[in-house]
Amino acid sequence: MDAHRRPLTDRTLPLLTEGYAWLPDRMRDSADRVVRTRLLGRPALAVRGPDAVRFFYDEAHVHRHGAVPAPVLDTLFGQGAVHTLDGDAHRARKELFLPLLDPDRVAGLTEHVTAAWDEAVHDWSGRDRVVLFDEAGVVLTRGVCRWAGLPGEAVDAEPLARDLIAMVDGFASPGPRHLRARRARSRQEARTARLIEDVRSGAVTAPDGSVLERVARHRDAPDRPLDARTAAVELLNVLRPTVAVSWFVAFSAHALHRWPAHRERLRAGDDAFATAFAHEVRRFYPFAPFLGGRVVTDLTWRGASVPAGGILLLDVYGQNHDEDLWGDPYTFRPERFLDRPPGRDELIPQGGADPATGHRCPGERITVGLLEALAVRLARLEYTVPVQDLRIPLRRIPTRPRSGFAVTGVRAP
């Protein structure tokens, strides 16, 4: 029987048990960087490479509506989120987020977050032990909430940070982490919807031009205002991915511990190196394993086919570690991005294609800006790394250093 027509065995369980290695291991056996498989009971085709990125993001090939599994919507994105829309509806909703990419806006968020970091460092210096992953979540929560215009009385940073982290931490895992993520999303959607209603009623004043005001007033069309719950989902879709930078902060600490020579260049204020370091952290360390979309017409890629209604997967982790693209993909080498900036469809930790028109994360510029600034502050911070479990398990999605990267003896620079 033709290899491309053989019955496919469902691989959902191996995905859950193998984690990040599941798809790259199968890609390794494919000379064409394409894998046919079956997920969630549906035929699936997995692709990799810059050309595959463009193929994946072609709206004539793939739609997001109906593609994101309900457990992911109920934890990570929220029902009715921009991630689930296509075509004109997606572009109209994305207009809510695109102004946040303005360089002045990104700089403003970075200023709020670094101010919160500097405040926190003075507290850390009086404590016996600090877990950077946890503390970064609180710092990022404080900074993004101030930047977004949320009233101080509406923000209790530590429990909010725990819930925002939980939404990310439990989206791809059955069991207790997933249940915590569901409870966190339910709790924060209800709280945020009440805040949206208070802004609309005038009980709370949102600063002019703030994210809070934009979300509360946004309409997908002149006659289609967002209901309060959907508005809450989208406000959380500004807060949550910002707080998810906690993963990259922990990875940055891990990188500086393993390769301390990078610390001096960051301390010296080399802006180009800080950008290169941020890109390399996002490339080298695992975050999203792959992206998926619902196939809207019968597709063929390099001789392999998937029918309409199937799933098209983009191998994110595998592409970010593809030897053909990076030469030495398992070497942490920020200098690779000093030689040339990353191609749009080469480095894809937060998706590919054009963020203005496609499904690439519009917050990617924010992630890079925050990571540049926080990596420099981390490099300048004095601390001791005690004995702990710093392994990063690839079976856990999303993964992170098992200890969260604990430090002692913190001293402000």
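Residues numbered from 1 in each chain as written. Predicted model: local features only at pLDDT ≥ 70, side-chain atom pairs only at ≥ 80, totals over all residues. Heavy atoms only, no water.

- By the naming in an unreviewed UniProt entry, the protein goes by Cytochrome P450 and is assigned to Streptomyces vinaceusdrappus.
- UniProt annotates the protein under Cofactor (unreviewed entry) with the comment "heme". (UniProt positions renumbered as here; feature names shortened; annotations may be inferred.)

1. Digging into the overall build of the protein
And step 1. A count of helices and strands for the protein gives 18 helices and 12 strands.
And step 2. Each principal axis of the C-alpha atoms in the protein carries an extent, and together these give about 70 × 55 × 40 Å.
And step 3. Within the protein, buried positions represent 56% of all 413 residues.
And step 4. Counting 58 positive and 55 negative side-chain charges, the protein places the averaged centre of each group 5 Å from the other. (Helix = DSSP H or I, 4+ residues; strand = E, 2+ residues; numbered from the N terminus. Buried < 20%, exposed > 50% of the residue type's maximum accessible area, 1.4 Å probe, protein only. Lys, Arg positive; Asp, Glu negative; His and termini not counted. Charge placed at Lys NZ, Arg CZ, Asp CG, Glu CD.)

2. Concerning the nonpolar core
And step 1. One finds Trp117, Trp124, Trp147, Leu266 and Phe277 to be the most contacted residues of the largest nonpolar core, which totals 96 residues.
And step 2. Not counting residues within four places of it along the chain, the set of residues in contact with Trp124 comprises Trp117, Val130, Leu132, Glu135, Val139, Leu381 and Val410.
And step 3. Ala52, Val53, Phe56 and Trp301 belong to the second largest nonpolar core, which has 19 residues in total. (Core = buried A, V, L, I, M, F, W, Y, C linked by side-chain atoms within 4.5 Å. Contact = heavy atoms within 4.5 Å.)

3. Comments concerning the packing of helix 8 (residues 157-169) against helix 9 (residues 176-201)
And step 1. The contact between helix 8 and helix 9 brings their axes to 8 Å, and the two run at 130°. Classified by the interaxial angle, the pair formed by helix 8 and helix 9 is oblique. Of the two possible hands of crossing, helix 8 and helix 9 adopt the one that is left-handed. Counted together, Leu160, Asp163, Ala166, Met167 and Asp169 of helix 8 and Arg177, Arg180, Ala181, Ala184, Arg185, Arg187, Gln188 and Arg191 of helix 9 form the full contact between these two elements.
And step 2. The class makeup of the residues in the contact of helix 8 with helix 9 is 5 nonpolar, 1 polar and 7 charged. (Axes fitted to C-alpha atoms, helices over the stretch in contact; angles between N-to-C directions. Parallel < 35°, antiparallel > 145°, perpendicular 65-115°, else oblique. Left-handed = near helix turned anticlockwise from the far one by under 90°. Nonpolar A, V, L, I, M, F, W, Y, C, P; charged D, E, K, R; others polar.)

4. Focus on the environment of Asp134
And step 1. Mapped onto the fold, Asp134 is located in helix 7 (residues 132-148).
And step 2. Note: C-alpha distance between Asp134 and Asp74 (60 residues apart in sequence) is 23 Å.

5. Focus: the pattern of salt bridges
And step 1. Summed over the entire model, instances satisfying the criterion amount to 37 salt bridges.
And step 2. Two residues, Arg91 and Asp88, come together in a salt bridge whose shortest N-O distance is 3.3 Å. Here the residue Arg91 and the residue Asp88 both occupy positions in helix 5 (residues 87-94), the gap between them amounting to 3 residues, near one helical turn.
And step 3. Assessed through its relative accessible area of 32%, Arg91 is described here as partly exposed.
And step 4. Among the ionic pairs, Arg411 bridges to Glu382, the shortest N-O distance being 3.9 Å. (Salt bridge = Lys/Arg side-chain N within 4 Å of Asp/Glu carboxyl O.)

6. A short note on the environment of Val211
And step 1. Relative to the helices and strands, Val211 is located in helix 10 (residues 211-217).
And step 2. Exposure remark for Val211: the relative accessible area of 2% places this residue in the buried category.
And step 3. Residues Val211 and Glu382 lie 171 residues apart in sequence; the distance between their C-alpha atoms is 35 Å.
And step 4. When residues no more than four places from it in sequence are discounted, the contact partners of Val211 are Leu100, Arg105, Trp147, Ala148, Leu235 and Val238.

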